[in-house]
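Observations on chain architecture
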Amino acid sequence: RGARASASSAPPRRARVRCCCAGVGASRCGGAMSTYSRPQVPAGSCGAISLRLAGRDLLKPISKMDQAFYFLQPVDVVALRIPDYPTIVREPMDLGTIEKKLDASSYATTEEFVADVKLVWYNARLYNPVGSV
């Protein structure tokens, strides 16, 4: 009985209704949908989704480039025998880490995402001598 009472006190779910002229600009349905009110979306939630999708769209072609495999995972200083890497590159970053941060919605702004992408290339230029790759 208690569960039934709490279920009936919940607000009714709105049906997902799409206007026949959505995205057209002018209403062709005679205003039948003009009384439909959209559910409220919490501030920032669309931005995170948009950033995640846009970020993936950006990372996909970069990850498929010929020499991208160097940047897909963190630098393994032991396997590559480069013990000086952490002393030169103070803030390591790679495309795999960026993708994980996108999936976890760790970026608050687009600028943070762009800064991490730029950091990948900055670190590569910082550590590798000119003409080495």
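Reading the values: the criteria
Residues numbered from 1 in each chain as written. Predicted model: local features only at pLDDT ≥ 70, side-chain atom pairs only at ≥ 80, totals over all residues. Heavy atoms only, no water. Helix = DSSP H or I, 4+ residues; strand = E, 2+ residues; numbered from the N terminus. Buried < 20%, exposed > 50% of the residue type's maximum accessible area, 1.4 Å probe, protein only. Contact = heavy atoms within 4.5 Å. Polar contact = N/O pair within 3.5 Å; in protein donor to acceptor, adjacent residues only side chain to side chain.

Attention shifts here to the overall build of the protein chain. The helix and strand inventory of the protein chain stands at five helices and zero strands. Counting from the amino terminus, helix and strand elements in the protein chain follow one another as α-α-α-α-α. Counting the 133 residues in the protein chain, one finds 18% classified as buried. Look at the contacts in the protein chain between residues 6 or more apart in sequence, and 56% of them connect residues 24 or more apart.

Look at Arg81: it is not a glycine, yet its phi comes out positive at around 55°. Accessibility expressed as a relative area gives 72% for Arg81, which makes it exposed. Phi is positive for Ser105, which is not a glycine, with a value near 55°. Among the structural elements, Ser105 can be located in the loop between α4 (95-103) and α5 (110-127). The class of Ser105 is partly exposed, set by a relative accessible area of 37%.

This next bit is on the side chain of Asp116. For Asp116, the location among the structural elements is in helix α5. Only 2.7 Å separates the side chain of Asp116 from the side chain of Tyr107, close enough to count as a polar contact. Among all residues touching Asp116, those that are not within four sequence positions of it are Met93, Ile98, Lys101 and Tyr107.

Right, let's talk about the environment of Pro74 for a bit. Within the secondary structure, Pro74 sits in the loop between α2 (45-63) and α3 (85-88). Taking the relative accessible area as the measure of exposure, Pro74 reaches 53% and is therefore exposed. When the C-alpha positions of Pro74 and Thr97 are compared, they lie 7.4 Å apart, and in sequence the two are 23 residues distant. With residues up to four places along the chain from it excluded, the contact list for Pro74 reads Asp94 and Thr97.

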